[in-house]
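So the chains spell out like this:
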Amino acid sequence: MLLNITMRSKELIKKRDYAIVSKFHELYDLKRMRIDDVLKIMSEQHFYLDEKYIYSRIFYDTDNHEYYNNLVEKNEKSTSQR
């Protein structure tokens, strides 16, 4: 049973991290807000995590950074087709 709890935690962390990356992309890349403002808003209004921790989850975790890059590329393709 303990193994299932551990597996579930990893799944939840991944979902949370992808939500963090998606919100960052929305605020920073789409709404064009300053990075310090984005991290403060995410920290205080959305995820209740430290700004440095949020930044590290986006840019220092390989999977999350790859997901972020995919979102940016997808956005660039959709705007170039207009």
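Going by the structure above, here's the rest.
Residues numbered from 1 in each chain as written. Predicted model: local features only at pLDDT ≥ 70, side-chain atom pairs only at ≥ 80, totals over all residues. Heavy atoms only, no water.

Enquirer: Sorry if this is basic, but what is going on with the nonpolar core here?
Expert: Side chains of a nonpolar character, in soluble globular proteins, are inclined to be buried together. Counting 12 residues, the largest nonpolar core is built from Ile 20, Val 21, Phe 24, Leu 27, Val 38, Leu 39, Met 42, Ile 54, Ile 58, Tyr 68, Leu 71 and Val 72. When contributions to this core are tallied by element, the ones reaching two or more residues are helix 1 (2-30), helix 2 (35-47), helix 3 (51-59) and helix 4 (62-80). Here the element with the most residues in this core is helix 1; it accounts for four residues. (Core = buried A, V, L, I, M, F, W, Y, C linked by side-chain atoms within 4.5 Å. Buried < 20%, exposed > 50% of the residue type's maximum accessible area, 1.4 Å probe, protein only. Helix = DSSP H or I, 4+ residues; strand = E, 2+ residues; numbered from the N terminus.)

Enquirer: Got a minute to help me understand the packing of helix 3 against helix 4 in this structure?
Expert: The relative placement of two packed helices is expressed as an angle between their axes plus a distance between the axes. Interaxial distance between helix 3 and helix 4 falls to 5 Å at its minimum, and their mutual angle equals 75°. Relative to helix 4, the element helix 3 lies roughly perpendicular. Residues Arg 57, Ile 58 and Phe 59 of helix 3 pack against Asn 64, His 65 and Tyr 68 of helix 4. Among the residues making up the contact of helix 3 with helix 4, the classes are represented as three nonpolar, two polar and one charged. (Axes fitted to C-alpha atoms, helices over the stretch in contact; angles between N-to-C directions. Parallel < 35°, antiparallel > 145°, perpendicular 65-115°, else oblique. Contact = heavy atoms within 4.5 Å. Nonpolar A, V, L, I, M, F, W, Y, C, P; charged D, E, K, R; others polar.)

Enquirer: Before we go on, may I ask you to explain the packing of aromatic side chains in this structure?
Expert: The description of an aromatic ring pair rests on the distance of the ring centres and on the angle between the ring planes. Under the counting rule described, the total for this entry stands at seven aromatic pairs. Centroid distance Tyr 55 to Phe 59: 4.7 Å. Interplanar angle 40°. Geometry classified as tilted. Of this pair, Tyr 55 and Phe 59 both sit in helix 3, four residues apart, which is roughly one turn of the helix. A network of ring pairs unites the aromatic residues Phe 24, Tyr 28, Tyr 55, Phe 59, Tyr 60 and Tyr 68 as a single cluster. (Phe/Tyr/Trp six-rings, centres within 6.5 Å; stacked < 30°, edge-to-face > 60°.)

Enquirer: Could you clarify how one ought to interpret the side chain of Asn 64 in this entry?
Expert: Within the secondary structure, Asn 64 sits in helix 4. Owing to a relative accessible area of 2%, Asn 64 belongs among the buried residues under this scheme. A polar contact of 2.8 Å, which involves the side chain of Asn 64, links it to the backbone oxygen of Arg 57. Those residues in contact with Asn 64 that sit more than four places away from it in its chain are Asp 17, Tyr 18, Val 21, Arg 57 and Ile 58. (Polar contact = N/O pair within 3.5 Å; in protein donor to acceptor, adjacent residues only side chain to side chain.)

Enquirer: Looking at this model, I keep getting lost on helix 2. Mind explaining?
Expert: Each α-helix turn comprises 3.6 residues. Residues three or four places apart therefore point the same way. For helix 2, spanning 13 residues, the distance from its first C-alpha to its last is only 16 Å, which falls clearly below the expected 18 Å at 1.5 Å a residue. The largest bend in helix 2 comes to about 25°, at Ile 41. Every buried residue of helix 2 is listed here: Val 38, Leu 39, Met 42 and Ser 43. Count one or two residues on from helix 2 and you reach Tyr 48, which has phi positive near 55°. (Expected span 1.5 Å × (residues − 1). Bend = angle between axes of the 7 residues up to and from the residue.)

Enquirer: How should the environment of Arg 57 be read in this particular structure?
Expert: Residue placement: Arg 57 occurs in helix 3. Distance from Arg 57 to Lys 10, taken between C-alpha atoms, is 14 Å for residues 47 residues apart in sequence.

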